[in-house]
Amino acid sequence: MRHGNDPSSELEFANSPTPRLHNSTPMIFSDFDGTITQADVTDRILEELAHPMWREVEDEWVRGLIGSRECLERQMALVDASPEQLNAVIDAIPLDPTFAAFYQLTERQGIPFYVVSDGFDYVISRILKRAGVDGQLENGRHLYASHLEATGRRLAASFPHSDCEHGCATCKAAAMRRLRGENSQVVFVGDGFSDRFAVEEADVVFAKKQLLGYCRRRRIGCRAFETFADVQAKLESVVGTKASREGAKAPRPAPVR
Ligand SMILES: [Mg+2]
Ligand SMILES: [Zn+2]
């Protein structure tokens, strides 16, 4: 279903914030689980290493009885695993195979790239290193995520970026609001229900799966994507990246009404 005037821009719905195309610097915020990875790492850890009671806690979150912060705190306390078992689960998580090339593009072009996630810093850093992303992974710099502390076979979750009214484990919207500059054009890439507050802070939204459904139901402007190769291909037509300026032939999207 397309509602844009210019089919090539593939903008779904027209009542999104108008992308600011001129003299603005893009910055990219990306969800992690299901967006950079092909599976939800926290779910996989819980499925393989936690007491089955984690599903009851999940159900409370799905029903809206608790926020993701309380949900994750109680679920991670149900994990009983050695560090080796934990690492084995993390190392088996498949990545979007096109993510590494996309990340390298942002580095080459000097586009700030942030990972914002309800997931855990230790897990995310370990997986990003596998994708060839090194440096700048400190939680609170280019990574805004929950914190994981292991003691013996037990895990404890804490939430350094959770101060919001939504009950988010990591408030993606608050991190984006804090980090965006006056003239920045904020791009958000995500897939899930926990990304719903983040899209409100973004000028350009790339969505798939649950988040795409959410945006469609709420008629929030977004672009559908499957992999970071899709984001890369469409990015240059929606933001004023150096690549599109250098190319000088990148199509401009139709005005958003
Ligand atoms: Mg996700
Ligand atoms: Zn929040």
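On a predicted model such as this, the values are computed, not experimentally measured, just so you know.

The rules behind these values
- Residues numbered from 1 in each chain as written.
- Chains lettered and ligands numbered in written order.
- Predicted model: local features only at pLDDT ≥ 70, side-chain atom pairs only at ≥ 80, totals over all residues.
- Helix = DSSP H or I, 4+ residues; strand = E, 2+ residues; numbered from the N terminus.
- Buried ≥ 20, exposed ≤ 12 C-beta atoms within 10 Å, placed from the backbone.
- Pairing = 2+ DSSP bridges.
- Contact = placed C-beta atoms within 7 Å.
- Axes fitted to C-alpha atoms, helices over the stretch in contact; angles between N-to-C directions.
- Arc of directions from axis to C-beta.
- Parallel < 35°, antiparallel > 145°, perpendicular 65-115°, else oblique.
- Left-handed = near helix turned anticlockwise from the far one by under 90°.
- Nonpolar A, V, L, I, M, F, W, Y, C, P; charged D, E, K, R; others polar.
- Core = buried A, V, L, I, M, F, W, Y, C linked by C-beta atoms within 7 Å.

Trainee: Account for the overall build of the protein, naming residues and giving values.
Mentor: Helix and strand content of the protein: 10 helices and seven strands. Evaluated residue by residue, the protein yields a buried proportion of 40% over its 257 residues.

Trainee: Give me the sheet that holds strand β5 (residues 184-190): which residues, what numbers.
Mentor: If you walk across this open sheet you meet the seven strands as β4-β3-β2-β1-β5-β6-β7, and the pairing is mixed. A single partner strand is all that each edge strand has here, and the edge strands are β4 (154-158) and β7 (223-224). The sheet contact formed by strand β2 (residues 113-120) and strand β3 (residues 143-151) spans three bridges and is parallel. The partner of Val-115 across the bridge, within β3, is Leu-143. Packing of helix α6 (residues 121-130) onto the sheet brings it into contact with β2 and β3, and relative to β3 it is tilted by some 110°.

Trainee: Requested: an account of unusual backbone geometry, with residues and values cited.
Mentor: In this model, Lys-209 sits at a positive phi of 50°, which is unusual for a non-glycine residue. For Lys-209, the location among the structural elements is in helix α8 (residues 209-218). Although it is not a glycine, Arg-219 sits at a positive phi angle of roughly 55°. Within the element layout of this structure, Arg-219 appears in the loop between α8 and β7.

Trainee: Could you give an account of helix α2 (residues 54-62), with specific residues and numbers?
Mentor: All of the buried residues along α2 are Trp-54, Val-57 and Trp-61. End-on view of α2: buried residues confined to an arc of 60°, all on one side of the axis. Seen from the buried face of α2, the exposed residues on the opposite side, beyond 90 degrees, are Glu-56, Asp-59 and Val-62. Residues of α2 that are buried in the fold lie against α1 (41-49) and α3 (68-76). After α2 finishes, the residue Gly-64 shows a positive phi value of roughly 80°.

Trainee: I'd like a description of the pairing of β4, backed by residues and values.
Mentor: Covered by surrounding structure in β4 are Leu-155 and Ala-157 only, the residues Arg-154, Ala-156 and Ser-158 on the alternate face being uncovered. Note: β3 against β4, five bridges, orientation antiparallel. Paired with Ala-150 across the two strands is Leu-155, which belongs to β4. In this structure, the hairpin formed by β3 and β4 is closed by a connection of two residues, where Gly-152 is found at a positive phi of approximately 60°.

Trainee: Explain the packing of α1 against helix α4 (residues 83-91) residue by residue, including any values.
Mentor: Across the interface, α1 lies against α4 with an axial gap of 10 Å and an inter-helix angle of 135°. Classified by the interaxial angle, the pair formed by α1 and α4 is oblique. By crossing handedness, the relation of α1 to α4 is classed as right-handed. In contact with Val-41, Arg-44, Ile-45, Glu-48 and Leu-49 of α1, α4 contributes Gln-85, Leu-86, Val-89 and Ile-90. Of the residues belonging to the contact of α1 with α4, the class tally is six nonpolar, one polar and two charged.

Trainee: Break down the environment of Gln-232 for me, with residues and values.
Mentor: As for its position among the elements, Gln-232 is in helix α9 (residues 228-238). Owing to 18 C-beta atoms within 10 Å, Gln-232 belongs among the partly exposed residues under this scheme. With 131 residues separating them in the primary sequence, Gln-232 and Ala-101 have C-alpha atoms 9.2 Å apart.

Trainee: For the nonpolar core, give the residues involved together with the corresponding values.
Mentor: One broad rule of soluble globular proteins: the nonpolar side chains tend to lie buried together. Within the largest apolar cluster, 64 residues are counted, with the highest numbers of intra-cluster contacts made by Phe-29, Ile-124, Val-187, Phe-188, Ala-198, Ala-202 and Val-205. Dropping the residues within four chain positions of it, Ala-202 is found in contact with Val-186, Val-187 and Phe-188.

Trainee: How would you summarise the packing of α2 against α3 if you had to cite specific residues and measurements?
Mentor: One can describe the packing of α2 onto α3 by two numbers: an axis separation of 9 Å at closest approach and a directional angle of 180°. Accordingly, the angle class assigned to the pair α2 and α3 is roughly antiparallel. Contacts from Trp-54, Val-57, Glu-58, Glu-60 and Trp-61 of α2 reach α3 at Ser-68, Cys-71, Arg-74 and Gln-75. Here the contact of α2 with α3 is composed, by residue class, of four nonpolar, two polar and three charged.

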